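Observations on the model geometry
One-letter residues, chain by chain:
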Amino acid sequence: MSELVLDGISKSFGDTEVVHGIDLTVAENEFVVLVGPSGCGKSTTLRMVAGLEAISSGELRIGGERVNDRSPGERDVAMVFQNYALYPHMSVAQNIAFGLRRRKLSRAERDAAVLEVAKLLEIEPLLDRRPRALSGGQRQRVAMGRAIIRDPQVFLFDEPLSNLDARLRLQMRLEIKRLHARKPVTTLYVTHDQTEAMTMADRVVVMNEGRIEQAGPPMEIYRNPRTRFVAEFIGAPAVNLFDARLTGGSDDGLWIELADGTRLSVPASRRAGCESYAGQPVVFGLRPEDIVIEAGDGPVAPVQMVETMGAETLAYLGFGGTEACARLTGDSVPSRGDQVHLRLGLERMILIDPTTDRVIGAA
Amino acid sequence: MTATSAPRRAAAPPATGGGPAPARPLPWLLPVLFFIGLFYLWPIIDALRLAFTDASLLDREANFSLDAIGAMLGSAALGTVLRNTAVFTLGSVFGQLLLGLAIALLVVRGERNNLRGMLVLRTLVLAAWVIPGIANGVIWQMLFSEAPFGAINSTLRLVGIPPVAWLSNPDNAMMSAIIATVWQGTAYSMILLYAALRSIDDTLYEAAAVDAATPWERLWFITLPELRGALLVNAILIVIMTLNTFDVIISLTGGGPGRATEVLALYAYNTVFYNFDLAGGSVLSILLMAISLTLAAIVAMFLPRSGRP
Ligand SMILES: Nc1ncnc2c1ncn2[C@@H]1O[C@H](COP(=O)(O)OP(=O)(O)OP(=O)(O)O)[C@@H](O)[C@H]1O
Ligand SMILES: [Mg+2]
């Protein structure tokens, strides 16, 4: 049992509260990613879990036991830091073995344990080197080795990949996930990168201004965001948002009227949730992949800019009184200045109440 | 020889470090060379010259002679003086390093916990350093005074400990001199080590905390290794400063009782200014310089080399 429970955890620095009552349960062996913009309190939350920052109020439980007043060393957590924090005067092997010094192991047992972890992380040839003589990715692995070898109840990561270049980040992202699949541990992982959150998490927790905005599996968060903030923060390129108005009565159907006068019929499946907003302004959101260029009777829009990325193409269209991004797959690439017909995936649209910034119809 | 080295030099990359070296470095170095030459090199050369003469302070008409060298190196006092110097230097340097490190650790610890008064503590310690050595000796002479009003002894008497012959007992006098020097010099080590401590990456301590390291383990595995360079540089500097110290001693004990606290610098000073033996004093000064250089070189060998931890 190594469940991690944050029960109303808050943090104040002096008079300013920066984390406001976080409730979060990380189930045993679950990989939870805490994501949010810079300064929203992710690190502070993680550091409270590690014991590096005192908890102002609330209760923290690891494996069912209250650990608020335990020192970091007594909480049986391991942490990987953004700058790795490897001990510079120890070799890689000594760094990894550091967490074992309290266990009464013979030298041979310890060396075997280090070797096993080194094999897992593919850093065997580096064991005698000093951290200074390692590349960023290698340091990253050593830092993980130092955490893994202790076999802790909880794994904590604070933006472990943000010092790596893009290609390496991708690779390490995959590797951390693979490692977790092979050796599952209860994990809380902090990042400001929504792609990392989406790709790695069993469950994503979106934080904003010291509060949890929404928590759920990645696809759930992506498809059914509860607030405008989550809708905008998750997904790259970001969701297209249009100022619009819901019009129409019960007999004539329900329409979305965009700023440029385009009228879109709300599909029957979505009508129930938003009928009460008829006659009111709304924010209409559509993910880039839900805008498809296809001959038909859909609305017509000019192509203003095209970004080709190989597997997909991003087309920026003059639509709805603003610029909309469409993510196109397939080989037919429009060119700038074309007038194209659009097919919109309105079943998956996101409607937001502009007065509360909450998504209409969300739980 | 020239044939092989010339092409190699031509093939060498341009000077390392920032930017290309100026085509003619001499004009840039000239002012520095001038001042170093005027204030350091020239006196050293002059002392070296005087060592090979029979010059005295009263009669500067010097003739070449090896007598001074023979007399000084053969003198019966030299052994005692060298032993005193070794004890004094070792004691003072270790005392200053340990105490300086302890205070620096305390201050950094206090600052981390937002304790008040750390700036005051730092300033107080630093205040000791700006007191001139002579004044320091006088202050400690009053503290150590064995008269009834002597500050330390009267305190000891209050707690029921018999008075100590701080300065009159030859066995204690050296310890007293070391205490006075350490008290003054600690500030220097403290400031240097404080700066070095502040520059240690905090996340190392956080990682250690998560790894359940005890305070001793943190000191042993993080702080001391990270401070190695600063400690060694500090050691070099205070070894040289302490070897050259005589102002504290001259006002505290005057080198006595007997020769109990007479160190090499003081011996050289006495030779010149009491015995008027300029040549002898020069010999001792050169000896002092040779010892300083040797010790500095030995300590420097342990300095972390650049490009390698
Ligand atoms: N020691 C401190 N004293 C005062 N305020 C602090 C302290 N540490 C953090 N804060 C404040 O708490 C808020 C949250 O900081 P935190 O480091 O948790 O953000 P973050 O979500 O990790 O951001 P980033 O993605 O930039 O790392 C910030 O507004 C920050 O200014
Ligand atoms: Mg952070």
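Residues numbered from 1 in each chain as written. Chains lettered and ligands numbered in written order. Predicted model: local features only at pLDDT ≥ 70, side-chain atom pairs only at ≥ 80, totals over all residues. Heavy atoms only, no water.

For chain B, an unreviewed UniProt entry supplies the name Sugar ABC transporter permease and the organism Pseudoroseicyclus tamaricis. Of chain B, the UniProt comment under Subcellular location (unreviewed entry) reads exactly: "Cell membrane". In UniProt, chain B has this text filed under Sequence similarities (unreviewed entry): "Belongs to the binding-protein-dependent transport system permease family." (UniProt positions renumbered as here; feature names shortened; annotations may be inferred.)

Per an unreviewed UniProt entry, the recorded name for chain A is sn-glycerol-3-phosphate ABC transporter ATP-binding protein UgpC, and the organism is Pseudoroseicyclus tamaricis. The UniProt entry for chain A carries the following text under Sequence similarities (unreviewed entry): "Belongs to the ABC transporter superfamily."

1. Remarks on the overall build of chain A
Along the backbone of chain A there are nine helices and 21 strands. A fraction of 67% describes how many contacts in chain A between residues 6 or more apart in sequence connect residues 24 or more apart. In the form shown here, chain A has an accessible surface area of approximately 16,400 Å², with 46% of it arising from carbon and sulfur atoms. With 43 positive and 49 negative side-chain charges, chain A shows a spacing of 9 Å between the two charge centroids. (Helix = DSSP H or I, 4+ residues; strand = E, 2+ residues; numbered from the N terminus. Contact = heavy atoms within 4.5 Å. Areas by Shrake-Rupley, 256 points an atom, 1.4 Å probe, with all protein chains shown as cover. Lys, Arg positive; Asp, Glu negative; His and termini not counted. Charge placed at Lys NZ, Arg CZ, Asp CG, Glu CD.)

2. Some thoughts on the packing of helix α6 (residues 133–144) of chain B against helix α7 (residues 151–158) of chain B
All names here are of chain B. Orientation of α6 relative to α7, taken along the N-to-C sense of each, is 30 degrees, at an axis distance of 4 Å. With respect to α7, the element α6 is oriented roughly parallel. Taking contact as the criterion, the partners of Trp140, Met142, Leu143 and Phe144 in α6 are, on α7, Ala151, Ile152 and Asn153. Tallied by class, residues from the contact of α6 with α7 come to six nonpolar, one polar and no charged. (Axes fitted to C-alpha atoms, helices over the stretch in contact; angles between N-to-C directions. Parallel < 35°, antiparallel > 145°, perpendicular 65-115°, else oblique. Nonpolar A, V, L, I, M, F, W, Y, C, P; charged D, E, K, R; others polar.)

3. Thoughts on the domain arrangement of chain A
Residues and elements named next belong to chain A. Structurally, chain A comprises domain 1 (4–233) and domain 2 (240–359). For domain 1 and domain 2, the distance between their C-alpha centroids amounts to 39 Å. Counting residues at the interface gives eight residues for domain 1 and twelve residues for domain 2. The three residues of domain 1 that bury the most area against domain 2 are Tyr222, Arg223 and Arg228, which together make up 61% of that side's buried surface. A salt bridge links Glu289 to Arg223; its shortest N-O distance comes to 3.5 Å. Across the domain 1-domain 2 interface, the total number found is seven residue pairs in polar contact (both at pLDDT 80 or more). With three residues, the single largest contributor to the side of domain 1 that touches domain 2 is helix α8 (residues 228–233). (Domains from an automatic or database assignment. Buried area = accessible area lost by both parts, 1.4 Å probe. Salt bridge = Lys/Arg side-chain N within 4 Å of Asp/Glu carboxyl O. Polar contact = N/O pair within 3.5 Å; in protein donor to acceptor, adjacent residues only side chain to side chain.)

4. With respect to the pattern of salt bridges
Residues and elements named next belong to chain A. Per the counting criterion, the structure on display carries 21 salt bridges over all chains. Notably, a salt bridge pairs Glu30 with Arg203, separated by 2.6 Å at the nearest N-O pair. Highlighted residues: Glu30 in the loop between β2 (16–26) and β3 (31–35) and Arg203 in strand β9 (residues 203–208), separated in sequence by 173 residues. The residue Arg66 makes a salt bridge to Asp69 at a minimum N-O spacing of 3.6 Å. Three or more residues are tied together by salt bridges with common partners; here these are Arg223, Glu289, Asp290, Glu312, Arg327 and Arg348.

5. Some details on the site of ligand 1
Residues and elements named next belong to chain A. Close contacts around ligand 1 come from Phe13, Val18, Ser38, Gly39, Cys40, Gly41, Lys42, Ser43, Thr44 and Glu159, and that covers them all. Here Lys42 contributes a side-chain N or O atom positioned 2.7 Å from an oxygen atom of ligand 1. Coverage of ligand 1 by the protein amounts to 56% of the 640 Å² it exposes when considered alone. By residue number, the principal contributor to the shell around ligand 1 is helix α1 (residues 42–50), which donates three residues. Of the residues that constitute the shell around ligand 1, the class distribution is three nonpolar, five polar and two charged. (Near = heavy atom within 4 Å.)

6. Describing the pairing of strand β7 (residues 154–158) of chain A
Residues and elements named next belong to chain A. Among the five residues of β7, five are classified as buried, and the element is accordingly described as predominantly covered. Relative to β7, strand β6 (residues 77–80) runs parallel, the two sharing four bridges. Following the sheet pairing, Met79 is matched in β7 by Leu156. After leaving β7, the chain enters helix α5 (residues 166–182) and then returns to the sheet as strand β8 (residues 186–191), a path that is right-handed. (Buried < 20%, exposed > 50% of the residue type's maximum accessible area, 1.4 Å probe, protein only. Pairing = 2+ DSSP bridges. Right-handed = clockwise from strand over helix to strand, strands pointing away.)

7. So, the confidence of the model for chain B
All names here are of chain B. Scored by pLDDT, chain B comes out at a mean of 79, with 89% of its residues at no less than 70. At the low end of the mean pLDDT range in chain B sits helix α1 (residues 2–11), at 42; at the high end sits helix α9 (residues 202–210), at 91. Note on residues 1–16: pLDDT under 50 across the span, and two contacts to partners over four residues away in sequence or across chains. (pLDDT = per-residue confidence, 0-100.)

8. Notes on the interface of chain A and chain B
Counting residues at the interface gives 22 residues for chain A, matched by 18 residues for chain B. Buried surface at the junction of chain A and chain B, summed over both partners, amounts to about 1,800 Å²; 59% is from carbon and sulfur atoms. Our count for the contact surface shared by chain A and chain B stands at four salt bridges. The salt bridge involving Glu217 of chain B is made with Arg101 of chain A; its shortest N-O contact spans 3.0 Å. Linking chain A with chain B are 15 residue pairs in polar contact (both at pLDDT 80 or more). If you tally residues by element for the side of chain A that touches chain B, the top one is β6 of chain A, at three residues. Grouping the amino acids of the side of chain A that touches chain B by side-chain chemistry returns twelve nonpolar, three polar and seven charged.

9. Some points on the UniProt feature "domain: ABC transporter" (unreviewed entry) in chain A
As recorded in UniProt, the sites labelled "domain: ABC transporter" (unreviewed entry) are residues 4–234 of chain A. For residues 4–234 of chain A, helix accounts for 34% and strand for 26%, while the C-alpha atoms at its two ends are 25 Å apart.

10. Describing helix α4 (residues 76–112) of chain B
Its 37 residues place the ends of α4 of chain B 55 Å apart at the C-alpha level, agreeing with the 54 Å of an ideal helix rising 1.5 Å per residue. Just downstream of α4 of chain B, Asn114 of chain B is the residue with a positive phi angle, here 55 degrees. (Expected span 1.5 Å × (residues − 1).)

11. Thoughts on the side chain of Ser189 of chain B
Residue and element names in this part refer to chain B. Position of Ser189 among the secondary structure elements: in helix α8 (residues 170–198). Within the structure, the side chain of Ser189 is placed 3.4 Å from the side chain of Asn234, a separation counted as a polar contact. Beyond its immediate stretch of four places on either side in the chain, Ser189 contacts Gln96, Leu97, Gly100, Tyr194, Asn234 and Ile238.

12. A few points about the UniProt feature "transmembrane region" (unreviewed entry) in chain B
All names here are of chain B. Taking the UniProt record as the reference, the feature "transmembrane region" (unreviewed entry) is found at residues 28–52, 88–107, 119–140, 173–197, 231–252 and 272–303. The span residues 231–252 is 86% helical and 0% strand by assignment, and the distance between its end C-alpha atoms comes to 29 Å. Structurally, residues 272–303 is divided into 81% helix and 0% strand, and its ends, taken at the C-alpha atoms, are 37 Å apart.

13. Quick word on a negative patch on the surface
Residue and element names in this part refer to chain B. There is a patch of like negative charges on the surface, built from Asp54, Asp59, Glu61 and Asp67. With respect to the helices and strands, the residue Asp54 is situated in the loop between α2 (26–51) and α3 (67–74). Classification of Asp54 by relative accessible area gives partly exposed; the value is 40%. (Patch = residues over 30% accessible without salt bridge, like charges linked within 9 Å, V, L, I, M, F, W, Y side chains within 5 Å.)

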